[in-house]
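Report on the structure
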Amino acid sequence: MTDTEIKKGLAGVVVDTTAISKVNPETNSLLYRGYPVQDLAASLPFEAVALLLWTGELPTDAELAEFQQFERAHRALDPKVKQAIDLLPTDCHPMDVGRTAVSVLGANHPKAEDSSPEAELEKAKALFAAFPAVVAYDQRRRRGQDVVEPNADLDYSANFLWMTFGEEQPEEVVDAFRVSMVLYAEHSFNASTFTARVITSTLSDLHSAVTGAIGALKGPLHGGANEAVMHTFDEIGIRKEESREDAAARSKAWMEDALAQKKKVMGFGHRVYKNGDSRVPTMKAALDRMIEHYGRHELLGLYDGLEQAMDEAKQIKPNLDYPAGPTYHLMGFDTEMFTPIFIASRITGWTAHIMEQRAANALIRPLSAYDGPDQRELPAG
Ligand SMILES: CC(=O)SCCNC(=O)CCNC(=O)[C@H](O)C(C)(C)COP(=O)(O)OP(=O)(O)OC[C@H]1O[C@@H](n2cnc3c(N)ncnc32)[C@H](O)[C@@H]1OP(=O)(O)O
Ligand SMILES: O=C([O-])CC(=O)C(=O)O
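Just so we're clear, the structure is a prediction, and the values are computed from it rather than from any experiment.

What about empty space enclosed by the protein?
Using the criterion set out here, one finds one cavity of 30 Å³ or more in the structure. Reported here for the largest cavity is a volume of approximately 50 Å³. As for the largest cavity, its lining consists of Ala-76, Leu-77, Ala-133, Ala-136, Tyr-137, Arg-140, Val-147, Val-148, Pro-150 and Met-163. If one sorts the elements of the lining of the largest cavity by residue count, helix H6 (residues 117-142) sits on top with four residues. Each residue belonging to the lining of the largest cavity can be placed in one class, and the counts come to nine nonpolar, no polar and one charged.

Shown next as structure tokens:
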């Protein structure tokens with residue numbers, strides 16, 4: 001054993017500086033490059049937020065138009081990626097599909113091994129443009145449906161939904177989706193971003209770092225929680241005709257029982273925020289709009305009951321995954337596609353951090369305190 005103080009999970013440890021985002025649990029706020037995330041989410045296209053994260057400044061109209069043109073030109077499903085996806089079983093987790101797709105895109109990128117700032121930005125933009133088609137196709141192939149070609153008349157968010165569902169979605173649905181993409185984009189040194197920075201710190205390439213980050217995001221303590229929230233709703237039972245009050249009573253009872261059994265309930269709690277997640281009010285407002293749009297007030301009852309019971313018992317607040325899960329459900333995404341949607345958004349934050357790490361690199365290699373057996377001799381013979 002050791003007297004060295006161990007910071008399990010690196011909790012509370014500051015490991016580097018970043019100029020990309022500021023998470024402030026005291027003021028319950030989140031800034032991307034100095035701008036409050038809720039202000040960005042109010043009206044900016046996701047493409048503009050991506051440019052902000054990468055370059056540090058909001059784009060001019062001309063810069064945004066140029067990037068939107070680039071995105072539209074690079075959004076079709078790459079045939080090599082389709083071929084690789086088709087080799088994967090339809091019952092594997094879609095996060096495995098996302099991870100494989102990024103790996104294939106990296107292996108085929110002409111500048112795969114070029115880590116100059118110009119090449120990294122170009123690769124980040126191409127990945128941003130290419131990934132929605134992976135999510136859309138994966139959901140469709142699982143349903144036995146064909147690829148839907150992108151629609152160049154639509155922006156990133158509208159086209160994402162178009163390629164997934166093969167139909168243009170109403171404006172309010174596209175807008176709620178856009179809001180979720182802006183909110184999911186970046187969150188300082190979370191586990192997946194830190195993974196991307198660790199990989200970059202060895203001077204590995206951008207696609208390797210993103211592939212590793214996807215692995216970290218998959219787990220239910222991180223991005224996988226948005227999927228897990230929907231499994232909770234399913235376990236409680238969604239009854240479309242039920243009143244909001246009855247649904248709330250049932251979900252409250254479910255939560256009380258889960259907490260009595262000392263279960264961890266995904267979608268609640270956060271390593272940094274202890275008084276609520278800065279992004280939840282904006283995402284909850286988007287969920288409320290979707291509840292109205294689809295006329296599904298019983299889902300709000302399930303939502304309220306869980307939140308209330310958790311707050312009464314443990315004063316633990318929802319995180320972003322809590323309102324995001326049911327929002328994607330209402331839009332028609334299959335539950336296991338929720339975390340791949342998170343990838344599509346977080347590609348922006350990950351790649352911004354990869355570029356930041358590379359610009360002022362130090363190999364990330366902490367120490368450990370050994371607590372195994374003392375030195376000993378091999379048995380004779
Ligand atoms: C976009 C995102 O990645 S947001 C995070 C998504 N993840 C989840 O929703 C998973 C559920 N939440 C959790 O597991 C945790 O809150 C974490 C991992 C996010 C943060 O955890 P930590 O800061 O390490 O706190 P820790 O897990 O030690 O929790 C502290 C206490 O609160 C309890 N607690 C925290 N979250 C929860 C929860 N969701 N359900 C029940 N109890 C919880 C813990 O059991 C622990 O109680 P104890 O002191 O009696 O043992
Ligand atoms: O910051 C974290 O630990 C997790 C999180 O909310 C995110 O990555 O968006």
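Back to the text.
Observations concerning the domain arrangement of the protein chain
Its domain assignment divides the protein chain into domain 1 (19-219 + 336-360) and domain 2 (225-331). With 29 residues of domain 1 at the interface, the matching set in domain 2 holds 26 residues. Summing both partners gives a buried area of about 2300 Å² for domain 1 against domain 2, and 63% of it is carried by carbon and sulfur. By the criterion of area lost to domain 2, the three top residues of domain 1 are Leu-183, Tyr-184 and Phe-338, representing 28% of everything that side buries. Here domain 1 is connected to domain 2 by zero salt bridges. Along the contact surface separating domain 1 from domain 2 lie nine residue pairs in polar contact (both at pLDDT 80 or more). Residue assignment for the side of domain 1 that touches domain 2 shows that the elements contributing at least two residues are strand E1 (21-24), strand E2 (29-32), helix H1 (37-43), helix H8 (171-184) and helix H16 (338-359).

Looking at the site of ligand 1
As a matter of local geometry, ligand 1 sits amid 21 residues, with His-222, Lys-264, Val-265, Gly-267 and Phe-268 nearest to it. Side-chain polar atom of Lys-274 to an oxygen atom of ligand 1: 3.1 Å apart, as the coordinates give it.

What to know about the pairing of E1
Here four bridges tie E1 to E2, and the two strands are oriented antiparallel to one another. In the sheet register, Lys-22 faces E2, and the bridge partner there is Leu-31. Here E1 folds back onto E2, and the loop between the two strands holds four residues, one of which, Asn-28, carries a positive phi near 50 degrees.

What to know about the site of ligand 2
Lining the immediate environment of ligand 2, one finds His-187, Asn-190, His-222, His-270, Arg-279 and Arg-346. In this structure, an oxygen atom belonging to ligand 2 sits 2.7 Å away from a side-chain N or O atom of His-270. Arg-346 is positioned such that a nitrogen or oxygen atom in its side chain is 2.7 Å from an oxygen atom of ligand 2. Calculation on ligand 2 without its partners gives an accessible area of 270 Å², and the protein chains cover 83% of this total. Partitioning the shell around ligand 2 into residue classes produces no nonpolar, four polar and two charged.

About the criteria used
Residues numbered from 1 in each chain as written. Chains lettered and ligands numbered in written order. Predicted model: local features only at pLDDT ≥ 70, side-chain atom pairs only at ≥ 80, totals over all residues. Heavy atoms only, no water. 1 Å grid on protein atoms, 1.4 Å probe; cavity = no way out; pocket = protein on both sides within 12 Å on 5 of 7 lines; lining within 4 Å. Points joined across faces, edges and corners; volume = space filled by probe spheres on them. Helix = DSSP H or I, 4+ residues; strand = E, 2+ residues; numbered from the N terminus. Nonpolar A, V, L, I, M, F, W, Y, C, P; charged D, E, K, R; others polar. Domains from an automatic or database assignment. Contact = heavy atoms within 4.5 Å. Buried area = accessible area lost by both parts, 1.4 Å probe. Salt bridge = Lys/Arg side-chain N within 4 Å of Asp/Glu carboxyl O. Polar contact = N/O pair within 3.5 Å; in protein donor to acceptor, adjacent residues only side chain to side chain. Near = heavy atom within 4 Å. Pairing = 2+ DSSP bridges. Areas by Shrake-Rupley, 256 points an atom, 1.4 Å probe, with all protein chains shown as cover.

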